[in-house]
Amino acid sequence: MAKEKTHYVCSDCGGISPKWQGKCPSCNAWNTLLESAPDSATPTKNRFASLAKTGAVAILGDIDAVDFARTPTGHEELDRVLGGGMVEGGVVLMGGDPGIGKSTLLLQALDSLQRSGQNTLYVTGEESGAQVALRARRLGLNGSQVKVLAEIGLDKILSTLESMKPNIAVIDSIQTVYSEQLTSAPGSVAQVRECAAHLTRAAKASGVSIVLVGHVTKEGALAGPRVLEHMVDTVLYFEGDTHSSFRLVRAIKNRFGAVNEIGVFAMTERGLKGVSNPSAIFLSQHAEPVPGSCVMVTLEGTRPMLVEIQALVDSGGPAPRRLSVGLDKDRLAMLLAVLHRHAGVACMDQDVFVNAVGGVRISEPAADLAVLLAITSSLRSKPLPKGFFAFGEIGLAGEVRPAPRGQERLKEAAKLGFSIAVVPKANAPKNLTSKDFEGLTIHPVERVEQAMEVVRGL
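All of these numbers come straight from a predicted model, not from anything done at the bench.

Our focus in this paragraph is the packing of aromatic side chains. Applying the stated criterion across every chain, the model contains 3 aromatic pairs. Taking 4.7 Å as the distance between ring centres and 65° as the angle between the ring planes, the aromatic pair formed by F68 and F256 counts as edge-to-face. Taken together, the residues span a long stretch of sequence, with F68 in the loop between β3 (33-36) and β4 (70-71) and F256 in the loop between β12 (246-254) and β13 (262-268) at a distance of 188 residues. Accessibility expressed as a relative area gives 16% for F256, which makes it buried. Three or more aromatic residues link up through ring pairs in this structure, and these residues are F389, F391 and F418. R409 extends its terminal NZ or CZ atom over the ring of F391, reaching a point 5.6 Å from the ring centre.

Right, let's get into the pattern of salt bridges. If the charged atoms of two oppositely charged side chains come close together, the side chains can form a pair. According to the stated counting rule, one finds 16 salt bridges in the structure shown. One salt bridge connects R303 with E77, and the closest N-O pair in it is separated by 3.0 Å. Separated by 226 residues along the polypeptide, R303 in strand β16 (residues 303-315) and E77 in helix α1 (residues 76-82) bring together distant segments of the chain. By relative accessible area, which is 7% here, R303 ends up buried. Salt-bridge contacts for E300 lead to R250; the nearest nitrogen and oxygen are separated by 2.7 Å. Pair noted here: E300 is in strand β15 (residues 293-300) and R250 is in strand β12, with a separation of 50 residues, a long-range link. The exposure class assigned to R250 is buried, which follows from its relative accessible area of 10%. Three or more residues joined by partner-sharing salt bridges are found here, namely E239, R250, E300 and R361.

A separate point is helix α7 (residues 329-343). The end-to-end C-alpha separation of α7 is 21 Å, in line with the 21 Å expected for 15 residues at 1.5 Å each. Within α7, the full set of buried residues consists of L332, L335, L336, V338, L339 and A343. Taken end-on, α7 shows its buried residues confined to a sector of 160°, consistent with a single buried face. Of the exposed residues in α7, the ones pointing more than 90 degrees away from its buried face are D330 and R341. Packed against the buried residues of α7 are β17 (322-325), β18 (350-356), α8 (368-380), β20 (393-394) and α10 (448-457). Two or three places before D330, at the start of α7, stands the capping residue D328, its side-chain oxygen 3.4 Å from that residue's backbone nitrogen.

This part takes up the packing of α7 against α10. The interhelical angle for the contact between α7 and α10, taken along N-to-C directions, is 80°, at an axis separation of 9 Å. It follows from the interaxial angle that α7 and α10 lie roughly perpendicular. In this structure, α7 contributes V338, L339, H342 and A343 to the contact, and α10 contributes V448, E449 and M452. Here the contact of α7 with α10 is composed, by residue class, of 5 nonpolar, 1 polar and 1 charged.

Moving on to the packing of helix α4 (residues 154-164) against helix α5 (residues 189-206). Relative orientation and spacing of two packed helices are given, respectively, by the angle between their axes and the distance between those axes. Taken N-terminus to C-terminus, the directions of α4 and α5 make an angle of 10°; their axes are 11 Å apart at the nearest point. When the interaxial angle is binned, α4 and α5 end up roughly parallel. Residue-level inspection shows L154, I157, L158 and L161 of α4 in contact with α5, the latter providing C195, H198, L199 and A202. Among the residues making up the contact of α4 with α5, the classes are represented as 7 nonpolar, 1 polar and no charged.

Attention shifts here to the sheet that holds strand β2 (residues 16-17). Sheets are built from strands that pair by backbone hydrogen bonding, the pairs being arranged parallel or antiparallel. The sheet built from 3 strands is open, its strands ordered β2-β1-β3 with antiparallel pairing. The open sheet has two edge strands with one neighbour each: β2 and β3. Inspection of the sheet shows strand β1 (residues 7-10) paired to β2 by 2 bridges, in the antiparallel sense. Bridge assignment links V9 to a residue of β2, and that residue is I16.

Reading the values: rules and limits
Residues numbered from 1 in each chain as written. Predicted model: local features only at pLDDT ≥ 70, side-chain atom pairs only at ≥ 80, totals over all residues. Heavy atoms only, no water. Phe/Tyr/Trp six-rings, centres within 6.5 Å; stacked < 30°, edge-to-face > 60°. Helix = DSSP H or I, 4+ residues; strand = E, 2+ residues; numbered from the N terminus. Buried < 20%, exposed > 50% of the residue type's maximum accessible area, 1.4 Å probe, protein only. Lys NZ or Arg CZ within 6 Å of the ring centre and 35° of its normal. Salt bridge = Lys/Arg side-chain N within 4 Å of Asp/Glu carboxyl O. Expected span 1.5 Å × (residues − 1). Arc of directions from axis to C-beta. Contact = heavy atoms within 4.5 Å. Polar contact = N/O pair within 3.5 Å; in protein donor to acceptor, adjacent residues only side chain to side chain. Axes fitted to C-alpha atoms, helices over the stretch in contact; angles between N-to-C directions. Parallel < 35°, antiparallel > 145°, perpendicular 65-115°, else oblique. Nonpolar A, V, L, I, M, F, W, Y, C, P; charged D, E, K, R; others polar. Pairing = 2+ DSSP bridges.

The following block contains the structure:
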């Protein structure tokens, strides 16, 4: 049977060209022509079927909403990120750098699900069945009954899903799967989009939970079209340095749970193990307090975590450097300007380096106050007291703004034995005698200069 002809469609204007060109002939945009299969005279059955079941128009308040049943994976940290476990018919996209541990974690999860009575399937397009078996043996998964299929043809994978009817299937990876309806190579934009769409429709129609493993680009984004993230129900990113033993799994999108949840794993000889107390990772063990170190409480999803912010202020040359690792570089420059203008602490001729310990990335502005206190501590070579922590957002007018869910942050720090806190006034608890804040001395502040005075007094 001859292969179906393809044409090229502009992603900007929708113009069609019979062959690939650098510039779209319709709108003159560059590099926007993508290969696509033309509509057949005899359309394939259900090829463009709706992902959701069709029904009559209904009033929102009259619809009987039932929560989705969850299937725990056997890994508490992974369940946390997924929102409680796998959902029937749900599609999960997991991306991460090469060698970060995606295949390892998913193979461990499939083995746990299989041992709990679930029918599981592992489709590998990058390895042979023998290589998967060798990895399972290294992970200590002896006698595992997980079914393995080494295949990259989309039609064969779909027919296997239909005949086996597994509860959970893993496709490792979506960039290796190809459809014969397109002539482009596996991994191209057209192939990734077409294959992901077919697998998503299969999941919704049959109720099988599918996990797609996705490659990432040099910039760290998922390779292929961004439409891939819109098709699936959950998007997970594997983060962490391959030289470190710790890995973070972060939920970027989740239709069945909270976003920005993170799961913390430690890479061991027997695979990835969940870390129940991640705050211990991000806190350095100093025998005595050292200058330039300040602990803050960050919020990742529903989990408060203590992270140590370290700053080093050193004499610079005519063009002082501002470098931050794990924090926004532009925000650091803004905070130094606020520190100079409102607290009278000048660093204009100093090199300033700021680091979030443990390789964690902090995107929320609640780290502002801790960054300023760490910089001031390093500049004056005076350590902050033992058991000290701070959090709060800094405004350009020098005010200290409240951080969301401040009570939970204070409770987490008190639980771990911290005793002195400098926090925004709006986050100070009204009932200081509560058992949750036992042994905690809280100093509420409204301005940057007030926070500096409190720290000098300590």
